[in-house]
Amino acid sequence: MNKTFFCIDAHACGNPVRVVAGGAPLLPHVGMAERRALFVRDHDWMRRALMFEPRGHDVMSGAMIYPSVRDDCDFAVLFIEVSGCLPMCGAGTIGLSTVVIEHGLVSPRTPGRLAIETPAGKVEVAYTLEAGKVSAVRLINVPSYLHQADLEVQVPGLGSLRVDIAYGGNFYAVVEPQPNWAGLDGLSAAQIVEHSRQLRTALAPLCDPQHPEHADIRGVHHVIWCDAPRDPQADGRGVVFYGDSALDRSPGGTGTSARLAQLYGKGRLKVGEAYRSESLIGTTYLGVVESACRVGEYPGIVPSVSGWAQVTGLNTIFVDERDPLANGFQVV
């Protein structure tokens with residue numbers, strides 16, 4: 001298990017993105033959904049070693065680059081996080097796109113554009129390059145939809161909550177202010193984490209959504225707590241919970257997409273309308289309902305999410321089998 005990984009570290013509006021440019025395992029030349037399953041089965045120790053402490057931390061996210069089997073994509077990506085191998089990651093895509101262009105890892109067929117094969121499907125990216133630096137990234141995400149509205153769930157410490165289940169590349173429980181939850185103001189990060197764990201546990205026996213077109217994508221693993229913005233230029237604030245104790249520092253790419261799908265599904269956003277989402281730390285993503293579509297039997301949308309990323313360093317990581325913490329650890 002002695003292994004060396006060459007990584008390029010970045011953050012997307014505050015959330016870390018570790019791009020594995022060297023050391024990813026060789027996988028068969030098949031679709032990314034199948035490669036994701038093979039990675040989880042045979043190589044998940046790499047995710048744990050790179051994402052968990054002592055080489056990572058509770059909010060670490062990352063990406064491994066692969067050639068695509070699709071003729072319409074420039075390359076493919078496997079998303080790795082503390083919470084597992086995700087079908088899609090918006091912040092990861094923004095950080096990844098910045099890294100591969102600035103460091104010449106990918107030569108796009110069309111300058112200013114990338115087409116990326118993800119386990120959730122094709123994602124298109126437009127980027128702005130200024131003096132060798134990527135200043136902005138706009139991704140057209142996978143079709144998103146409202147799966148279930150106004151699901152009532154009993155949450156310890158909060159009581160009865162109404163939540164919406166929406167998909168934006170991952171399934172989310174979307175929570176808005178209501179009688180038993182006044183909003184984000186006054187809550188500590190630790191309290192948000194605890195409420196999120198309790199909500200996810202309470203939801204598990206009530207709701208186990210499965211994507212109508214991707215049988216391997218199922219279950220509510222993410223929560224987004226929504227509130228009024230503090231930034232007068234934003235339309236709303238959202239804090240995304242995932243993994244065991246992670247709060248997204250960015251507004252969340254798939255979270256913003258799920259929020260757009262939820263608002264559209266409830267008639268509060270229309271095609272062509274925008275929603276600027278503010279994060280826990282005050283950074284923002286611009287989400288737009290680009291078009292209407294169908295996701296299986298559900299009405300849905302094609303969302304776009306715009307943001308920026310910054311490369312923070314080059315990182316050569318060693319994983320040595322003599323290290324008793326080679327596989328990483330979490331303190332939850």
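In what follows, the structure referred to is the one given above.
Presented here is an overview of the structure given in this document. (Residues numbered from 1 in each chain as written. Predicted model: local features only at pLDDT ≥ 70, side-chain atom pairs only at ≥ 80, totals over all residues. Heavy atoms only, no water.)

1. Structural notes on the overall build of the protein
Item 1. Within the protein, the regular secondary structure consists of five helices and 17 strands.
Item 2. The principal-axis extents of the C-alpha atoms in the protein amount to approximately 55 × 45 × 35 Å.
Item 3. Residues counted as buried form 56% of the 332 residues belonging to the protein.
Item 4. Expressed as a percentage of contacts within the protein between residues at least 6 apart in sequence, the contacts between residues at least 24 apart total 64%.
Item 5. Of the roughly 13100 Å² of accessible surface on the protein, a fraction of 51% belongs to carbon and sulfur atoms.
Item 6. The average position of the 28 basic charges and that of the 35 acidic charges among the side chains of the protein differ by 1 Å. (Helix = DSSP H or I, 4+ residues; strand = E, 2+ residues; numbered from the N terminus. Buried < 20%, exposed > 50% of the residue type's maximum accessible area, 1.4 Å probe, protein only. Contact = heavy atoms within 4.5 Å. Areas by Shrake-Rupley, 256 points an atom, 1.4 Å probe, with all protein chains shown as cover. Lys, Arg positive; Asp, Glu negative; His and termini not counted. Charge placed at Lys NZ, Arg CZ, Asp CG, Glu CD.)

2. Some points on the packing of aromatic side chains
Item 1. Applying the stated rule across the entire model yields six aromatic pairs.
Item 2. Ring centres of F5 and W45 lie 6.4 Å apart, and the angle between their planes is 65°; on these two criteria the pair is classed as edge-to-face. With a gap of 40 residues between them, F5 in strand β1 (residues 3-12) and W45 in helix α2 (residues 44-51) connect regions that are remote in the sequence.
Item 3. Taken together, a centroid distance of 5.0 Å and an interplanar angle of 50° make the contact between W181 and W225 tilted. Of the two residues, W181 is situated in the loop between β10 (171-175) and α4 (189-203) and W225 in strand β11 (residues 222-227); the sequence distance between them amounts to 44 residues. Like W225, W181 is buried.
Item 4. One aromatic cluster in this structure is built from Y145, Y167, F171 and Y298. (Phe/Tyr/Trp six-rings, centres within 6.5 Å; stacked < 30°, edge-to-face > 60°.)

3. Some remarks on the environment of A136
Item 1. Among the structural elements, A136 can be located in strand β7 (residues 133-140).
Item 2. Overall, the relative accessible area of 29% leaves A136 in the partly exposed class.
Item 3. Considered as a pair, A136 and V30 are 106 residues apart in the sequence and their alpha carbons are 31 Å apart.
Item 4. Those residues in contact with A136 that lie beyond four places of it in its chain are A126, Y127, T128 and G307.

4. Details of the pattern of salt bridges
Pairing between side chains becomes possible if they bear opposite charge and their charged atoms approach one another.
Item 1. The tally for this structure, following the rule as stated, stands at 23 salt bridges.
Item 2. With its nearest N and O atoms 3.0 Å apart, the salt bridge here joins R18 to D9.
Item 3. Judged by relative accessible area, which is 13%, D9 ranks as buried.
Item 4. Taken together, the shared-partner salt bridges connect R70, D72, K122 and E124 into one network. (Salt bridge = Lys/Arg side-chain N within 4 Å of Asp/Glu carboxyl O.)

5. Quick word on the nonpolar core
Item 1. L114, L161, V163, I165, L199, L203 and W225 are the most contacted members of the largest nonpolar core, which has 63 residues in total.
Item 2. Counting residues per element, this core draws most heavily on helix α3 (residues 90-102), which supplies six residues.
Item 3. Formed by 35 residues, the second largest nonpolar core is a distinct cluster that contains V59, Y66, I224 and A258. (Core = buried A, V, L, I, M, F, W, Y, C linked by side-chain atoms within 4.5 Å.)

6. Focus on helix α5 (residues 253-265)
Item 1. With 13 residues, α5 extends 18 Å between its outermost C-alpha atoms, agreeing within 8% with the 18 Å of an ideal straight helix rising 1.5 Å per residue.
Item 2. Burial within α5 is extensive, with 11 of its 13 residues counted as buried.
Item 3. Looking at α5, one finds that the buried residues are G253, T254, G255, T256, S257, A258, R259, L260, A261, Q262 and L263.
Item 4. Of the residues flanking the end of α5, it is G267, one or two places downstream, whose phi is positive at about 75°. (Expected span 1.5 Å × (residues − 1).)

7. Regarding the environment of L269
Item 1. Mapped onto the secondary structure, L269 falls in the loop between α5 and β14 (274-278).
Item 2. In sequence terms L269 and V142 are 127 residues apart; their C-alpha atoms lie 18 Å from each other.
Item 3. Contacts of L269, omitting those with residues within four sequence positions, involve L260, L263, Y264, A274, Y275 and V289.

8. Some thoughts on the pairing of β1
Item 1. The pairing of β1 with strand β17 (residues 309-319) spans 10 bridges and is antiparallel. Directly across from H11, in β17, lies its bridge partner Q310.
Item 2. In sequence, β1 turns back onto strand β2 (residues 15-22) through a hairpin of two residues, with C13 there showing a positive phi of about 50°. (Pairing = 2+ DSSP bridges.)

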